[in-house]
Amino acid sequence: MEADNGGRPGPETPPGPLQKQDRLRERQPVNMTKTASARPAVAEGDIRASDADRDRVAEILREALAEGRLDPEEHAERIDTVYRAKTMGELEPVVRDLPAAGTGRAQPGPDAYVYGPGAPVPDQNLVAIFSASVRKGRWQAPARINAFAFFGSVEIDLTEAVFPQQQVRINVTAIFGSVEIRVPENITLRSSGSGILGSFEVETHDAEDTHAPQILVNGYAVLGSVEAKPKRGAWIRDLRDRLREGHRELRHERRERHQELRAGRHEGHERRRSERRERRDRFRGGEGA
């Protein structure tokens, strides 16, 4: 039998543990936002290719062409594919059968360079006054090169040069002019110049091989510019290989000249023999008459 409390509310029953959990859930704010879906992973081959990626692949193709791995027609086709490619997946098949840049080169050994006594190469003077002076191609680099540009430009390209000595000193003076120097990648390049209201920029570099040629650029630029840096993709080859190649070319030229002389002598003999035969036939014809 329930007790009568005069109409007053009786004491509430204390809540149990389950009721406490329900009340806590009711007090927590409801997150109405949807959980952001995770970004799907992009395959490596579908990543967009950058200009640097295309240049890197093009450099591998240039090395393959220089080393004879590709002929000019194959190189042209692959280069066209490279600069049309939009993703990394389109670039990868182009060089799949080629070594990476730099790995296919044979590094020269300690005795790869031939330095020693011989006929000294005279100093080279390049002067450009309101004009241009260029020295490039295959040539013997002297121990000292003097370059002077006054309202002109001087270009010195050593990427195909032969170095009879290890050290080459380039003295430059640019006054309202420019001097541009290009060297192979695997040589030592140092500088001790300065610019006076001008720019004197030398991309110094120390070769891994201590026997490699060393080029020192010094001087100054007054209201002008001096720039020296390695030419990308140009490496100096073994000097002895260059000398052997030069000897082979000389032998080939001599052989061709010898064959031309033999052909000329043979043609002369045949012509004289034909003339003698014609005179003999005329003489015999006159006797018969």
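Remember, predicted model here, so these are calculated numbers, not experimental data.

Calculation criteria
Residues numbered from 1 in each chain as written. Predicted model: local features only at pLDDT ≥ 70, side-chain atom pairs only at ≥ 80, totals over all residues. Heavy atoms only, no water. Phe/Tyr/Trp six-rings, centres within 6.5 Å; stacked < 30°, edge-to-face > 60°. Helix = DSSP H or I, 4+ residues; strand = E, 2+ residues; numbered from the N terminus. Buried < 20%, exposed > 50% of the residue type's maximum accessible area, 1.4 Å probe, protein only. Pairing = 2+ DSSP bridges. Axes fitted to C-alpha atoms, helices over the stretch in contact; angles between N-to-C directions. Patch = residues over 30% accessible without salt bridge, like charges linked within 9 Å, V, L, I, M, F, W, Y side chains within 5 Å. Areas by Shrake-Rupley, 256 points an atom, 1.4 Å probe, with all protein chains shown as cover. Salt bridge = Lys/Arg side-chain N within 4 Å of Asp/Glu carboxyl O. Lys, Arg positive; Asp, Glu negative; His and termini not counted. Charge placed at Lys NZ, Arg CZ, Asp CG, Glu CD. Contact = heavy atoms within 4.5 Å. Expected span 1.5 Å × (residues − 1). Core = buried A, V, L, I, M, F, W, Y, C linked by side-chain atoms within 4.5 Å.

Regarding the packing of aromatic side chains
Alright, step 1. Inspection of the entire model under this criterion finds four aromatic pairs.
Alright, step 2. A ring pair is formed by Phe130 and Phe150, whose centres lie 5.9 Å apart and whose planes are at 85°; its orientation type is edge-to-face. Here the residue Phe130 occupies a position in the loop between β1 (124–129) and β2 (132–135), and Phe150 occupies one in strand β3 (residues 144–150), the gap between them amounting to 20 residues.
Alright, step 3. By relative accessible area, Phe130 is classed as exposed at 61%.
Alright, step 4. Ring centres of Phe150 and Phe151 lie 4.9 Å apart, and the angle between their planes is 85°; on these two criteria the pair is classed as edge-to-face.
Alright, step 5. For Phe150, a relative accessible area of 27% corresponds to the partly exposed category.
Alright, step 6. A relative accessible area of 39% means that Phe151 is categorised as partly exposed.
Alright, step 7. Counting every residue linked through ring pairs, the aromatic cluster contains Phe130, Phe150, Phe151 and Phe176.

Quick word on the pairing of strand β4 (residues 153–157)
Alright, step 1. Looking at chain direction, β2 and β4 are connected through four bridges and run parallel. When the bridges of β4 are listed, Val134 appears paired with Glu155.

Here's the deal with the sheet that holds β4
Strand pairing in a sheet is mediated by backbone hydrogen bonds. Such pairs are either parallel or antiparallel.
Alright, step 1. Read from one edge to the other, the open sheet built from five strands follows the order β2-β4-β6-β11-β9, with strand pairing classed as parallel. Every interior strand has two partners, whereas the edge strands, β2 and β9 (199–202), have only one. Across the sheet, the axes of successive neighbouring strands diverge by a mean angle of 5°, strand direction being ignored.
Alright, step 2. As paired elements, strand β6 (residues 178–183) and strand β11 (residues 225–230) share six bridges and run parallel to each other. Bridge pairing links Glu180 to Glu227 in β11.

Comments concerning a positive patch on the surface
Alright, step 1. Together, Arg271, Arg272, Arg276, Arg277, Arg279, Arg280, Arg282 and Arg284 give the surface a local cluster of positive charge.
Alright, step 2. Take Arg282: it is sitting in helix α5 (residues 239–288).

Re unusual backbone geometry
Alright, step 1. Here Phe130, not a glycine, exhibits a phi torsion of approximately 55°, which is positive.
Alright, step 2. Despite not being glycine, Phe151 shows a phi value in the positive range, around 55°.

Some points on the environment of Ala174
Alright, step 1. Among the structural elements, Ala174 can be located in strand β5 (residues 167–175).
Alright, step 2. Since its relative accessible area comes to 0%, Ala174 is described here as buried.
Alright, step 3. Ala174 has contacts with Ala149, Val179, Tyr220, Ala221, Val222, Gly224, Ser225 and Val226, leaving out every residue within four places of it along the chain.

Notes on the pattern of salt bridges
When charged atoms on two side chains of opposite charge get close, those side chains can pair.
Alright, step 1. Using the criterion set out here, one finds nine salt bridges in the structure.
Alright, step 2. Linking Arg84 and Asp80 is a salt bridge whose minimum nitrogen-to-oxygen distance equals 2.9 Å. With a gap of four residues between them, Arg84 and Asp80 both fall in helix α3 (residues 72–84), about one helical turn apart.
Alright, step 3. One salt bridge in this structure joins Arg182 and Glu180, with 2.8 Å as the shortest N-O distance.
Alright, step 4. Judged by relative accessible area, Glu180 falls into the partly exposed class, the value being 33%.
Alright, step 5. Salt bridges sharing common partners tie together Glu180, Arg182, Glu227 and Lys229.

What to know about the environment of Arg135
Alright, step 1. Locating Arg135 in the fold gives a position in strand β2.
Alright, step 2. Look at Arg135 and you get partly exposed, because its relative accessible area is 26%.
Alright, step 3. With 22 residues separating them along the chain, Arg135 and Asp157 place their C-alpha atoms 6.2 Å apart.
Alright, step 4. Dropping the residues within four chain positions of it, Arg135 is found in contact with Gln124, Leu126, Glu155, Ile156 and Asp157.

Structural notes on helix α2 (residues 51–66)
Given 3.6 residues per helical turn, the α-helix brings residues three or four places apart onto the same face.
Alright, step 1. For α2, spanning 16 residues, the distance from its first C-alpha to its last is 22 Å, which sits close to the expected 22 Å at 1.5 Å a residue.
Alright, step 2. By the burial criterion, the buried members of α2 are Asp53, Arg54, Val57, Ala58, Glu59, Ile60, Leu61, Glu63 and Ala64.
Alright, step 3. At its buried positions, α2 is contacted by α3 and α4 (88–91).

Points about the nonpolar core
Alright, step 1. Residues Ile156, Leu158, Ile170, Ile215 and Val217 are the most contacted members of the largest nonpolar core, which totals 28 residues.
Alright, step 2. Contributions of two or more residues to this core are made by β1, β3, β4, β5, β6, β9, β10 (214–222) and β11.
Alright, step 3. With four residues, the top contributor of residues to this core is β5.
Alright, step 4. Those residues in contact with Leu158 that sit more than four places away from it in its chain are Trp139, Ala141, Phe163, Ile170, Arg182, Val183, Pro184 and Ile215.
Alright, step 5. Counting residues in hydrophobic clusters, the runner-up holds 14 residues, among them Leu91, Val94, Val95 and Leu98.

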